[in-house]
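# Residue-level structural notes
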Amino acid sequence: MYRTSRETHVGQARPEIASSWTRSRLNGLRADDTPGLKQESVAGAGGLTRAAGPVLERVRAELDDTPFAFVLADRTARVVDIRCADKAFGGALVDLGIVPGVRLGEDQVGTNAVGTPVETRKGLFVRGDEHFMAAFHEFACYGHPIIHPITRRLEGVANIGGRAGDEHRLFSPLVRRVVRDIEDRLQLDASGAQRRLLAAFQAAARSPRRPVLVVGHGLVLATPAALDLLEPADHAAVQACAEGMRGEGEVTHRLTLVSGRTVWLRCAPVDGVEGALVDIVPEQPGRRGTRGAGTATGWPLLVVGEPGSGRTTEARRAVGPGSITLDATDVVRHGEQAWVSNLVALLEKDGPAVVIEDIQLLSEQVTLLLARCLRGTRRMTVMTTTPGGHPDGVHASVAALCGARRDLIPLRRRRHEIPGLAQRMLADATGPGHRRLTPESLRVLAAQPWPGNLAELRRVIQTVARTRSAGDIIASDLPASHRGVPAPVSPFRQAEREIIVAAIEAAGGNKLQAARALGMSRSTLYNRMRALHIH
C-alpha cells in the first residue's frame with residue numbers, strides 16, 4: 001500500500017529525491033522493508049578518521065544538550081563515527097541499527113543523507129518522509145560529501161540528523177563548515193605523506209629508462225618508461241598489487257600486460273607512509289613464474305581449485321581438444337551404478353583423454369574403484385576437485401596415484417590480474433576494442449572478495465555489458481553488490497579466515513568437526529567466525 005502511494009507521488013518530489021527513489025527501487029528495495037543493517041569492521045578509514053577526529057570532537061561539544069547526532073561515513077557509505085550527546089536520540093539510532101560499521105548505501109536502505117550524497121557527490125537535505133524506507137521517516141538529515149582537496153577523490157560523507165519535526169535550518173551551513181575543516185586537515189595530512197612519496201620516486205627515477213611507479217595516498221607517479229609499458233588496465237593491476245602488500249614487506253608478482261608482454265612487479269613499501277614503490281622488470285626469455293609450478297610430468301593429473309576458479313578450463317588445457325568429460329555430479333541424476341559402468345567402459349579401453357570432474361563428490365567405494373581403474377588405464381586422465389582435507393582422507397587412494405597436481409590460486413590472491421582478466425572478458429562479451437572499463441571501475445573490481453572466483457567475475461562483466469550499451473563503463477555501472485570497496489583486511493586475518501573456511505568446507509559444514517581439525521573448541525570457532533564475518 002505504502003509503496004504504491006510513494007510511486008504515485010514521485011512526480012511531486014524534488015528531482016534529486018525522485019531520482020534517488022528510482023535508484024532505490026532498481027536496487028530491489030521496498031519502502032516498507034526493514035533496514036537490513038549489518039555491522040562490519042571500521043578499519044581502513046584511517047586517513048579520514050585521523051583528519052576528522054579533532055573536528056568531530058569540537059562538533060560534539062557544540063551539539064551538547066541538543067537532540068542531534070553527527071555521523072561520519074567513508075566513501076562506501078559505511079558509518080565510521082557517531083557523535084551524539086543526547087541519550088534519548090542516540091538510543092533511537094541504536095534501536096534502528098545505526099552504529100559504527102553499518103553501511104547506509106542507497107543499495108541497502110534507499111534514499112538517505114549518507115548513501116545518496118555518496119552516489120551523487122552532492123550535498124542533500126532529506127526530510128522525514130523523503131527517506132525511501134518508512135523506518136527512517138522520523139528523522140531529518142543533511143549530508144555533504146567530503147572530497148580530498150588534492151586527489152579530488154570522494155573520501156566520505158559528513159551528516160547531521162535530528163527528529164523530523166525539529167528546526168533544521170542550520171544543518172546545511174554547519175555541515176558545510178565541518179566538511180571544509182576536515183578537507184583542510186586531509187590536505188595537511190596528505191602533504192607530508194606525498195612529500196615522502198615524491199622523494200622516494202625522485203630517488204628511484206634518476207634513470208629515465210627505469211620503469212618505476214610510486215602508488216599511495218591517491219597519488220600515482222610514473223616514469224616515461226613505465227608509461228610506455230602500461231595501458232589503463234595495467235595501471236589498475238599495478239595499484240591492486242601495491243595495495244595487496246599491506247603489512248607484508250616487499251612482494252613480487254608476475255603479470256601479463258594488456259600488450260601481451262610479461263613483466264615482474266617488485267613492490268616495496270615506502271618508509272613512514274602508506275605507499276609502495278613498484279619496479280617493473282620485463283621477464284627474461286626462459287624465466288618462468290611460480291604459478292605454473294606443478295606442470296604435469298606424468299598422468300593422471302589432479303587439478304585442485306575452489307568453485308569458479310577455472311578447474312575445467314585448466315583440465316581441458318592440459319589434455320588438449322577432443323577429450324571426454326565424466327562429471328561426478330551426474331551420479332545423482334543417473335545413479336551410482338550407471339555412472340560407474342560408464343567410468344569402467346571408458347578407462348578399460350584406449351581412446352582420447354578423459355576428464356573426471358568433481359571427484360570430491362564420489363563415495364569411498366566409488367573412489368576405490370576409480371583408483372583401480374586408473375592403475376590399469378592407458379588413457380591420459382585429469383581429475384578436478386575442491387581444496388580441503390579429502391585428498392588426504394576419503395580420496396587419498398586416487399590422489400596418491402596422480403603423477404602431478406596443479407593447485408589453482410583463488411582470484412582474491414591474484415588481485416593484480418583482475419583488471420586484465422576483466423578487460424579481456426569484456427572484449428569477449430562485446431567485441432575487441434568496442435568497450436572499456438575505466439581505471440576506477442577496474443580498481444573497484446580488483447578490491448572485491450570474489451568468493452565465486454573467475455565464474456563470478458565473468459557474470460559481473462556480462463551483466464555490465466548487457467546493461468551499459470555505449471560509452472566507458474564507470475564504477476557506478478557495476479552491480480550494487482560489487483560497487484563498494486571493502487575495508488582492507490590484514491594478511492594475517494585474511495589467512496586465518498581462509499583456513500577456517502577451508503576447514504568448515506572439508507568437514508561438510510560440521511562446525512564441531514572443523515573445530516577439532518583446527519585444534520580449538522567449538523565456542524572458540526564460533527567467536528572467530530563472528531570476528532571474521534564468516535557466515
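Conventions we followed
Residues numbered from 1 in each chain as written. Predicted model: local features only at pLDDT ≥ 70, side-chain atom pairs only at ≥ 80, totals over all residues. Heavy atoms only, no water. Helix = DSSP H or I, 4+ residues; strand = E, 2+ residues; numbered from the N terminus. Buried < 20%, exposed > 50% of the residue type's maximum accessible area, 1.4 Å probe, protein only. Contact = heavy atoms within 4.5 Å. Polar contact = N/O pair within 3.5 Å; in protein donor to acceptor, adjacent residues only side chain to side chain. Pairing = 2+ DSSP bridges. Axes fitted to C-alpha atoms, helices over the stretch in contact; angles between N-to-C directions. Phe/Tyr/Trp six-rings, centres within 6.5 Å; stacked < 30°, edge-to-face > 60°. Salt bridge = Lys/Arg side-chain N within 4 Å of Asp/Glu carboxyl O. Core = buried A, V, L, I, M, F, W, Y, C linked by side-chain atoms within 4.5 Å. Left-handed = near helix turned anticlockwise from the far one by under 90°. Nonpolar A, V, L, I, M, F, W, Y, C, P; charged D, E, K, R; others polar.

Even without glycine at this site, Arg121 takes up a positive phi of about 60°. Note that Arg121 resides in the loop between α6 (115-120) and β3 (124-126). Note on Arg121: relative accessible area 42%, which makes it partly exposed.

A few words now on the environment of Arg436. Position of Arg436 relative to the elements: it lies in the loop between α15 (418-430) and α16 (439-446). In this structure the C-alpha to C-alpha distance between Arg436 and Ala470, which are 34 residues apart in sequence, comes to 9.7 Å. Apart from the residues within four sequence positions on either side, Arg436 is in contact with Pro232, Gln423, Leu426, Asp472 and Ile473. Looking at Arg436, its side chain comes within polar contact range of the side chain of Asp472, at 2.8 Å.

Strand order in the open sheet formed by five strands is β12-β13-β14-β11-β15, and the pairing between neighbours is parallel. At either margin of the open sheet sits one strand with a lone partner, and together these are β12 (324-327) and β15 (404-407). Strand-to-strand twist of the sheet, defined as the mean angle between neighbouring strand axes without regard to direction, takes the value 20°. Those strands touched by helix α10 (residues 311-319) are β11 (301-304), β12, β13 (354-357), β14 (381-385) and β15, and its axis lies near 170° from that of β14. Here helix α12 (residues 336-347) sits on the sheet in contact with β12, β13 and β14, set at roughly 150° to β12.

What follows is about the packing of aromatic side chains. In this structure the tally under the stated criterion is two aromatic pairs. Ring geometry for Phe68 versus Phe171: centroids 5.2 Å apart, planes at 85°, classification edge-to-face. In this pair, Phe68 sits in the loop between α3 (46-62) and β1 (69-74) while Phe171 sits in helix α7 (residues 171-204), placing the two residues 103 residues apart along the sequence. Taken individually, Phe68 and Phe171 each receive the classification buried, so the pair is uniform in this respect. Ring geometry for Phe89 versus Phe139: centroids 5.7 Å apart, planes at 75°, classification edge-to-face. Of this pair, Phe89 sits in helix α4 (residues 87-96) while Phe139 sits in strand β4 (residues 139-147), placing them 50 residues apart in sequence. There is no split in this pair, since Phe89 and Phe139 are both buried.

Turning next to the environment of Leu512. Considering the arrangement of structural elements, one finds Leu512 in helix α19 (residues 511-518). By relative accessible area, Leu512 is classed as partly exposed at 33%. Spatially, the C-alpha atoms of Leu512 and Leu525 are 8.6 Å apart, while their sequence positions differ by 13 residues.

Turning our eyes to something else, we now look at the pairing of β11. Side chains of β11 alternate between two faces, with Leu301 and Val303 and Leu302 and Val304 buried alike. In this sheet, β14 lies alongside β11 in parallel orientation, the contact comprising four bridges. Bridge pairing links Leu301 to Val382 in β14.

As for its position among the elements, Arg406 is in strand β15. There is a polar contact of 2.7 Å between the side chain of Arg406 and the side chain of Glu314.

On to the pattern of salt bridges. Taken as a whole and judged by the stated rule, the model has 23 salt bridges. For the salt bridge of Glu57 with Arg83, the shortest nitrogen-to-oxygen distance reads 2.9 Å. Here the residue Glu57 occupies a position in helix α3, and Arg83 occupies one in strand β2 (residues 79-83), the gap between them amounting to 26 residues. Judged by relative accessible area, which is 38%, Glu57 ranks as partly exposed. Looking at Arg83, the relative accessible area reads 18%, which means it is buried. Its salt-bridge partner being Asp279, residue Arg210 comes within 2.5 Å of it at the nearest N-O pair. On the criterion of sequence distance, the pair formed by Arg210 in the loop between α7 and β6 (212-216) and Asp279 in strand β10 (residues 275-282) is long-range, its members being 69 residues apart. Residues joined in a network through salt bridges with shared partners are Arg14, Glu16, Arg127 and Glu130.

Time to look at the nonpolar core. By size, the foremost hydrophobic cluster in this structure holds 33 residues, and its most contacted members are Ile98, Leu104 and Phe139. Of all the elements, α4 adds the most residues to this core, at four residues. Sequence-distant contacts of Phe139, that is, excluding residues within four places in its chain, are made with Phe89, Ala92, Leu93, Leu96, Val126, Arg127, Gly128, His131, Gly162 and Ala164.

It is worth spelling out the packing of α15 against α16 at this point. Helices that pack against each other are described as a pair by the angle of their axes relative to one another and the distance between those axes. Their axes nearest at 9 Å, the elements α15 and α16 cross at an angle of 115°. Considering how the two elements wind past one another, α15 and α16 form a crossing that is right-handed. Across the interface between the two elements, Ile418, Pro419, Ala422 and Gln423 from α15 touch Leu442, Leu445 and Ala446 from α16. Tallied by class, the residues present in the contact of α15 with α16 amount to six nonpolar, one polar and no charged.

Our focus in this paragraph is the sheet that holds β3. Pairing in this open sheet of five strands is antiparallel, and the strands run β2-β1-β5-β4-β3 from one edge to the other. This sheet does not close on itself; its edge strands, each paired only once, are β2 and β3. Going from strand to strand, the sheet's axes swing by 20° on average, the running direction of each strand aside. Sheet topology note: the β4/strand β5 (residues 154-163) ladder contains nine bridges and is antiparallel. Considered in β5, the bridge of Ile146 is made with Gly156. This element, α4, spans β1, β2, β4 and β5 of the sheet and lies at about 120° to β5.

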